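Summary of the model geometry
As a plain string of letters, each chain reads:
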Amino acid sequence: MSILGTESPTTVVRQRTFNGNPVDVEKATGIIGSNLSSESVSPGDRSQLTTGPLRQLEELEAGLTRFWNRFTRKGKKNIPVVASLRAIAFSSWLNLFFVFIPLAWAAHFAKKTDPETVCFLALVPLEWLFDWGGEQMAHYLGTQLGDLVIITLNNVVEATLGILLLTRCELKLLQSTIVGVVILHLLLIPGAAFITGGARIMHQDLHPHMTQLNHTLLTLGVLSLLLPAAFFSAIDGGVQRLVTPQVAVSIVVTDETRHTFLVMSRGLAIILLAVYLSSRIFLHNPPGKNNAFVLDSAAPAAMKEEERELLEKEPKTNQYVLIVVLVISIGIMAATTEWLVHSIEFIREEKRIQEEWFGMFLLPIVSFAANGFVAIVYFIRYLFKQFFKEPEPPAELAKARAIDLSIQFTLFWMPFLVLLGWWTSKPMTLLFDFFEIAVLLGSCFIVNYVTADAKTNWAEGFAMVAFYCMIAVVAWFYTGQPDIGFLLDCGTVENALITAAGAGTGNSAHE
């Protein structure tokens, strides 16, 4: 027990930082508040109390300095511009497909033939360049920041597709496409990677800290869509308004209701962006001493080995040249993607498939097709090595980058599209179709369950692919929720209902 004017013995509290290293923190106990004066606190204790935040700032500054020295290759020879361009040009035989880029542009402007084939082939070298360029940037940025660059570049096509649909005010199709992109990267792509990667090994490892954080981020992103849907369901009194003989909507489908959901969605979008930003700060500058922009000690051995190789091996290109090339490629990718989407519009216009299926499956698969083509090519090369050359040892680190793509799309690109719609006066909300939310919840559940132990195997990968196929079968027969479609109309909701009622009456009279 402490007595006024005296100090009790010091208690040593053992704590651990983010990277698992123990830290001794001497916590003085028993000092009554009136004794916290210059007489009762030693100079050493006063220094410890006042320099804690300063020490954190110094550690952050040291991390930034370490990052900048690595990015600028301090003390190392810079790669010449010509050598960098030569390395980019000869990085893969897939660069031969660059010849299809001017052909795709010519086919689009000539308007004589449908350019879908040449547009698809033109995207192949760009997708390869994004992957290869991201891997080269990892030499300058490190494993984790390099992964962020690759994830962002791989989301460029889907993000461009989303912005295109937003500017065309096809908001219901945009929502379906967002769901389709997320489940594609949550189920099909990582599932296929787990099957191929785990075929010759009992299990593959995931980064435990990243996996735990990803569970939280993914669940939060999905629940952000569940909240508006639950709110809409709660205010829906069950009273229907007959729009056409075949379509009835709730009486709460009004302009006032849409305004409520617009304000709600914009608030949720800002919160989601804040969550994504904070998660990136946590990953790249976790608590602890000298942890900024370095790989933590809890990372799997394979990831540490990858980081060591990035430090030891020389990159093939100059970082500034590569950044310029990637920016130019993004612009070319955006235009080519837009023309590819235009070229497959006839499928939807001729009513060959439901619009819901068109958005959830066809558009995401088409946008990913070029990247998938690259993956198939290298899988065939891998099989050739396995059967006709000396086989490579199985990888211990699972390829789960696609799950990070889904998280970024849910927590960054989806709220970005909501805020962009606000800026461009497009009524984009986070009130999604109930079926789409059920699909996302199911996908989130199975992915979190599969990766809960930070290990994967080929059987779990097959289960993920199987669930994606189940969703595709059910969605083939789904026609959508009319209430959501009317609330997403770019005119007033009342005019959309009147227009639909007039069209329904005309069709009935014609019949």
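Residues numbered from 1 in each chain as written. Predicted model: local features only at pLDDT ≥ 70, side-chain atom pairs only at ≥ 80, totals over all residues. Heavy atoms only, no water.

**Here we look at the nonpolar core**
- Membership of the largest hydrophobic core comes to 116 residues, with the highest contact counts inside it found for Ile-183, Leu-187 and Phe-361.
- Setting aside residues no more than four positions away along its own chain, Ile-183 makes contact with Leu-188, Met-360, Phe-361, Val-439, Leu-440, Ser-443, Tyr-468 and Ile-471. (Core = buried A, V, L, I, M, F, W, Y, C linked by side-chain atoms within 4.5 Å. Buried < 20%, exposed > 50% of the residue type's maximum accessible area, 1.4 Å probe, protein only. Contact = heavy atoms within 4.5 Å.)

**Here's the deal with the confidence of the model for the protein chain**
- The predicted model of the protein chain averages 79 in pLDDT, with 75% of residues at 70 or higher.
- Note on residues 1-41: pLDDT is under 50 here. Beyond four places in sequence and across chains, it has 53 contacts.
- Under a pLDDT of 50 for its full length, residues 43-50 has, in the predicted model, four contacts with residues more than four places off or in other chains. (pLDDT = per-residue confidence, 0-100.)

**Topic: the state of the cysteines**
- In this structure the tally under the stated criterion is one disulfide.
- For Cys-169, the disulfide goes to Cys-490, at an S-S distance of 1.1 Å. Where Cys-169 bonds to Cys-490 through sulfur, the torsion about that S-S bond is close to -45°, and the disulfide is left-handed. With Cys-169 in the loop between helix 7 (156-167) and helix 8 (171-197) and Cys-490 in the loop between helix 18 (482-487) and helix 19 (493-510), this residue pair connects regions lying 321 residues apart in the sequence. (Disulfide = S-S within 2.5 Å. Helix = DSSP H or I, 4+ residues; strand = E, 2+ residues; numbered from the N terminus.)

**Remarks on the pattern of salt bridges**
- Scanning the entire structure with this criterion turns up four salt bridges.
- A salt bridge links Glu-436 to Lys-172, with the shortest nitrogen-to-oxygen separation between them at 3.1 Å. Highlighted residues: Glu-436 in helix 16 (residues 434-450) and Lys-172 in helix 8, separated in sequence by 264 residues.
- Among the salt bridges present, the one from Arg-258 reaches Asp-255, with a minimum N-O distance of 3.7 Å. Of this pair, Arg-258 and Asp-255 are both found in helix 10 (residues 255-284), three residues apart, which corresponds to roughly one turn of the helix.
- A network of salt bridges, in which partner residues are shared, links Lys-172, Glu-356 and Glu-436. (Salt bridge = Lys/Arg side-chain N within 4 Å of Asp/Glu carboxyl O.)

**Observations regarding the packing of aromatic side chains**
- One pass over the full model with this rule turns up 19 aromatic pairs.
- Taking 5.6 Å as the distance between ring centres and 80° as the angle between the ring planes, the aromatic pair formed by Phe-231 and Phe-261 counts as edge-to-face. With Phe-231 in helix 9 (residues 208-235) and Phe-261 in helix 10, the pair connects residues that are 30 residues apart, well separated along the chain.
- On the basis of relative accessibility, which here comes to 35%, the residue Phe-231 falls in the partly exposed class. (Phe/Tyr/Trp six-rings, centres within 6.5 Å; stacked < 30°, edge-to-face > 60°.)

**Observations concerning helix 16**
- With 17 residues, helix 16 ought to run about 24 Å at 1.5 Å a step, and its terminal C-alpha atoms sit 24 Å apart, in line with that.
- Buried within helix 16 are the following residues: Phe-435, Glu-436, Ile-437, Val-439, Leu-440, Ser-443, Cys-444, Ile-446, Val-447, Asn-448 and Val-450. (Expected span 1.5 Å × (residues − 1).)

**Focus on the side chain of Ser-279**
- Of note, Ser-279 is situated in helix 10.
- For Ser-279, a relative accessible area of 5% translates into the label buried.

**What about the side chain of Ser-224?**
- The residue Ser-224 is located in helix 9 in this model.
- Ser-224 sits in the buried class, given a relative accessible area of 6%.
- Leave out the neighbours within four places in its chain, and Ser-224 touches Leu-268, Leu-272 and Met-414.

**Side note on unusual backbone geometry**
- The phi dihedral of Cys-169 falls on the positive side, at around 60°, and the residue is not glycine.
- In this structure Cys-169 comes out as partly exposed when scored by relative accessible area, which is 22%.
- Even without a glycine there, the phi angle at Ser-425 is positive, about 60°.
- In this structure, Ser-425 sits in the loop between helix 15 (401-423) and helix 16.

**Focus: the packing of helix 5 (residues 116-141) against helix 12 (residues 319-343)**
- Two numbers describe how helix 5 lies on helix 12: the axes approach to 9 Å, and their chain directions differ by 155°. For the element pair helix 5 / helix 12, the angle class is roughly antiparallel. As helix 5 runs across helix 12, the sense of the crossing is left-handed.
- Residue composition of the contact of helix 5 with helix 12, grouped by class: 19 nonpolar, seven polar and two charged. (Axes fitted to C-alpha atoms, helices over the stretch in contact; angles between N-to-C directions. Parallel < 35°, antiparallel > 145°, perpendicular 65-115°, else oblique. Left-handed = near helix turned anticlockwise from the far one by under 90°. Nonpolar A, V, L, I, M, F, W, Y, C, P; charged D, E, K, R; others polar.)

**Section: the environment of Thr-117**
- By the secondary structure assignment, Thr-117 is in helix 5.
- You can call Thr-117 exposed: its relative accessible area is 51%.
- On a C-alpha basis, the gap between Thr-117 and Ala-104 in space is 8.4 Å, while along the polypeptide they are 13 residues apart.

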